[in-house]
Amino acid sequence: MATDDLMTRALEALGDDGPLSVEAIHRLADLADLPETMTIAEVADLLDISPHTLRYYERAGLVEVARDGNGHRVYDAEAVRRLVFLTRMRLSGMSMRDLQHYVSLVDAGGHTVPERLDVLVEHRDTIRRRIRELTLSLTAVEYKITTYGGSTGPGVQALGTTNGTDRTGLPDEPLRWALPAE
């Protein structure tokens, strides 16, 4: 399954008005009631990704999976927890290369915590920049919608006219000059 589909599922699980918090993230994949071991099909279903993706993560060295007597993959709780994390990081746009680097640091042991922190801080900063870019793009789209007589989406406030130029802003964001109507 594509990461867009997985993100849609995750957002639907949170709901439109749900607070975005660590607790909400943990609820997306509560692992408390999982069986001791799982098959590839069960894990794929749980994470809403394809078995092919799971095999790819294994080949890429992101997760180690035991095999049963018949050679079939057997996922334990540790592997599933790692896959939940990997899936979340992929949803956030982390590249496979960065994931491989991060996992190699985790596997190397506790002395790599400072470097892991650096990787995650850099990724967080990338996400924040993307959010700001998307917010700016959304503001431009909302402005254009209003120029054609439509109404803005939730959370967007039309702030009127200043010196003949419309301004649009989102809550908790600085005002921006919107693009002129074309």
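Right above here is the structure, for reference.
These numbers come from a predicted model, not from an experiment. (Residues numbered from 1 in each chain as written. Predicted model: local features only at pLDDT ≥ 70, side-chain atom pairs only at ≥ 80, totals over all residues. Heavy atoms only, no water.)

Caption draft 1: Highlighting the overall build of the protein chain. Each helix and strand in the protein chain was counted, giving 7 helices and 6 strands. For the protein chain, the succession of helices and strands along the chain, N to C, is α-α-β-α-α-β-β-α-α-α-β-β-β. Taken over 182 residues, the protein chain has a buried fraction of 27%. (Helix = DSSP H or I, 4+ residues; strand = E, 2+ residues; numbered from the N terminus. Buried < 20%, exposed > 50% of the residue type's maximum accessible area, 1.4 Å probe, protein only.)

Caption draft 2: Structural detail: the environment of G93. Looking at the element boundaries, G93 is found in the loop between α5 (77-91) and α6 (96-108). Judged by its relative accessible area of 46%, G93 is partly exposed. Remark: the alpha-carbon pair of G93 and R130, spanning 37 residues in sequence, is separated by 9.8 Å. With near-sequence residues (within four places) excluded, G93 lies in contact with H123 and R130. (Contact = heavy atoms within 4.5 Å.)

Caption draft 3: The arrangement of a negative patch on the surface in detail. A surface patch of like charges, here negative, comprises E36, E64, D76 and E78. In this structure, E64 sits in the loop between α4 (51-59) and β2 (66-67). Judged by its relative accessible area of 73%, E64 falls in the exposed class. (Patch = residues over 30% accessible without salt bridge, like charges linked within 9 Å, V, L, I, M, F, W, Y side chains within 5 Å. Areas by Shrake-Rupley, 256 points an atom, 1.4 Å probe, with all protein chains shown as cover. Salt bridge = Lys/Arg side-chain N within 4 Å of Asp/Glu carboxyl O. Lys, Arg positive; Asp, Glu negative; His and termini not counted. Charge placed at Lys NZ, Arg CZ, Asp CG, Glu CD.)

Caption draft 4: Here's a closer look at the pattern of salt bridges. Here the structure, examined in full by the defined rule, presents 5 salt bridges. Linking R67 and E58 is a salt bridge whose minimum nitrogen-to-oxygen distance equals 3.5 Å. Exposure remark for R67: the relative accessible area of 44% places this residue in the partly exposed category. Across the pair E58 and R73 runs a salt bridge, and its minimum N-O distance is 2.5 Å. Placement of E58 in helix α4 and of R73 in strand β3 (residues 73-76) is noted, with a sequence separation of 15 residues between them. The network of salt bridges with common partners includes E58, R67 and R73.

Caption draft 5: Quick look at the sheet that holds strand β1 (residues 37-38). Here 3 strands make up an open sheet; going across it, the order is β1-β3-β2 and the pairing antiparallel. Two strands lie at the open edges of the sheet, namely β1 and β2, each paired on one side alone. Here β2 runs beside β3; their pairing, made up of 2 bridges, is antiparallel. In the sheet register, A66 faces β3, and the bridge partner there is V74. (Pairing = 2+ DSSP bridges.)

Caption draft 6: Seen up close, the nonpolar core. Core analysis: the largest hydrophobic core is formed by 26 residues, its most contacted members being V43, L54, L62, Y75 and L83. For this core, the element with the most residues is α5, which contributes 6 residues. Sequence-distant contacts of V43, that is, excluding residues within four places in its chain, are made with M38, L54, Y75, V80 and L83. (Core = buried A, V, L, I, M, F, W, Y, C linked by side-chain atoms within 4.5 Å.)

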